[in-house]
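# Structure assessment
Single-letter residue listing:
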Amino acid sequence: MSLPLTRPGALLIAARRPDPGNGRLIAAVSVGDPAAAQRAGERLERCDGLISVITVPSTFRAMLRGSHERRAWLDSLPERVDQQCRAWNLSLDGGPWHGSNALVLPVRRGGEQFALRLTAPDESFPAEVAALRFWAGRGTVLLVETDLGAGTMLLERLDPTRSLATLPLAEANHHAGRMMRRLAVPAPSWVLSTGELVRDRLATLKSDWVALGRPVPAGMLAAACTAAETLTSATGDRAVDAALHHEQVLGGEREPWLTVDPCLLRGDIGFDLARCLWDRLHEMPDAATINEQLDIIADAAGLDREHARRSAIFRTIDYWLWGLQHGFTEDPLRCRRLVTALLQ
């Protein structure tokens, strides 16, 4: 699962002093380090008439620790921000926020507000760009410019403090279902279909289950396999966002709600609706509430309720096994609870 955008609750510091060389104002912007403003002269990056310093949030560094390539990318972010601001004539307009693999900075160009998104090295970046170009702002954030080689995008500015995750559960799921339907425009034939994905996963589901020591009750696995057999035959040319969940839908001005970081598939628009259930399962006290929320999503998306239930069962079992393969401990427990409720 992709992680949502989160803005660190850190202090934003702006230190300003005149540039003795040309009278311009120098601004140092930092997040989370009150001493950084005093150290601004140590490392200055020029950007559209300003010399700007960004401090990469420690929470973002913690998420991306791992490969040498990613650590090097993190260390190069101040220079990358400077280079992209120069190339696109941007000026910084506040402190950064981030998700699991991208840093986002509010920027301006002239009187217009945008968001500069810098993505960590990831082979899926071209697909993200292709998805945004395909939807072209219909239910998604608008892509203004991109540099594929640098992994950067210039996007329309949304409100990172306002997502469906900030709404009451039933209201959020209603909007999520409506967003599924809004994004369901005719998709190109070259886009991977949900039926193909289900078929490929079904071929490995039982062997993965055995290799993991049969952690899922056999009856639940059988229910997932039965559901998958009907899902593989689901046809259609509708576009599907396979990464849609509450924290990926942010408040906008052009439209009240807009999706970020979409993953373009075609076929069954309910393919991944289970995300909207398992992400906030802690807010659903019993099986009746879980099934009520499924009904809300299915109704808003225009989906057959039984089809939505089968889709949620299959994807939850899929994620349960995937989570165990990747060392997750809490998510498999949530998956068990969700499937138990859906089978009642």
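Okay, so let's go over this structure. From a predicted model like this one, the values you see are computed outputs, not experimental measurements.

Attention shifts here to the sheet that holds strand E11 (residues 159-163). Within the open sheet, the 3 strands sit side by side as E11-E13-E14. Their pairing is antiparallel. Each end of this open sheet is capped by a strand with a single partner; those strands are E11 and strand E14 (257-259). If you compare each strand with its neighbour and ignore which way they point, the axes differ by 55° on average. In terms of strand pairing, E11 meets strand E13 (residues 249-251) through 2 bridges, oriented antiparallel. Bridge pairing in E13 places Asp159 opposite Gly251.

Between helix H10 (residues 305-325) and helix H11 (residues 330-342), the least distance of the axes is 9 Å, while the angle of their chain directions is 160°. It follows from the interaxial angle that H10 and H11 lie roughly antiparallel. The handedness of the crossing between H10 and H11 is left-handed. Each of Arg309, Ala312, Ile313, Thr316, Ile317, Tyr319, Trp320 and Leu324 in H10 lies in contact with H11, whose residues at this interface are Asp331, Pro332, Cys335, Arg336, Leu338, Val339 and Leu342. Residue composition of the contact of H10 with H11, grouped by class: 11 nonpolar, 1 polar and 3 charged.

The next thing to look at is unusual backbone geometry. Even without being glycine, Asn89 reaches a positive phi, approximately 60°. Tracing the chain through its elements places Asn89 in the loop between helix H3 (77-88) and strand E5 (91-92).

Cut-offs and rules
- Residues numbered from 1 in each chain as written.
- Predicted model: local features only at pLDDT ≥ 70, side-chain atom pairs only at ≥ 80, totals over all residues.
- Heavy atoms only, no water.
- Pairing = 2+ DSSP bridges.
- Helix = DSSP H or I, 4+ residues; strand = E, 2+ residues; numbered from the N terminus.
- Axes fitted to C-alpha atoms, helices over the stretch in contact; angles between N-to-C directions.
- Parallel < 35°, antiparallel > 145°, perpendicular 65-115°, else oblique.
- Left-handed = near helix turned anticlockwise from the far one by under 90°.
- Contact = heavy atoms within 4.5 Å.
- Nonpolar A, V, L, I, M, F, W, Y, C, P; charged D, E, K, R; others polar.

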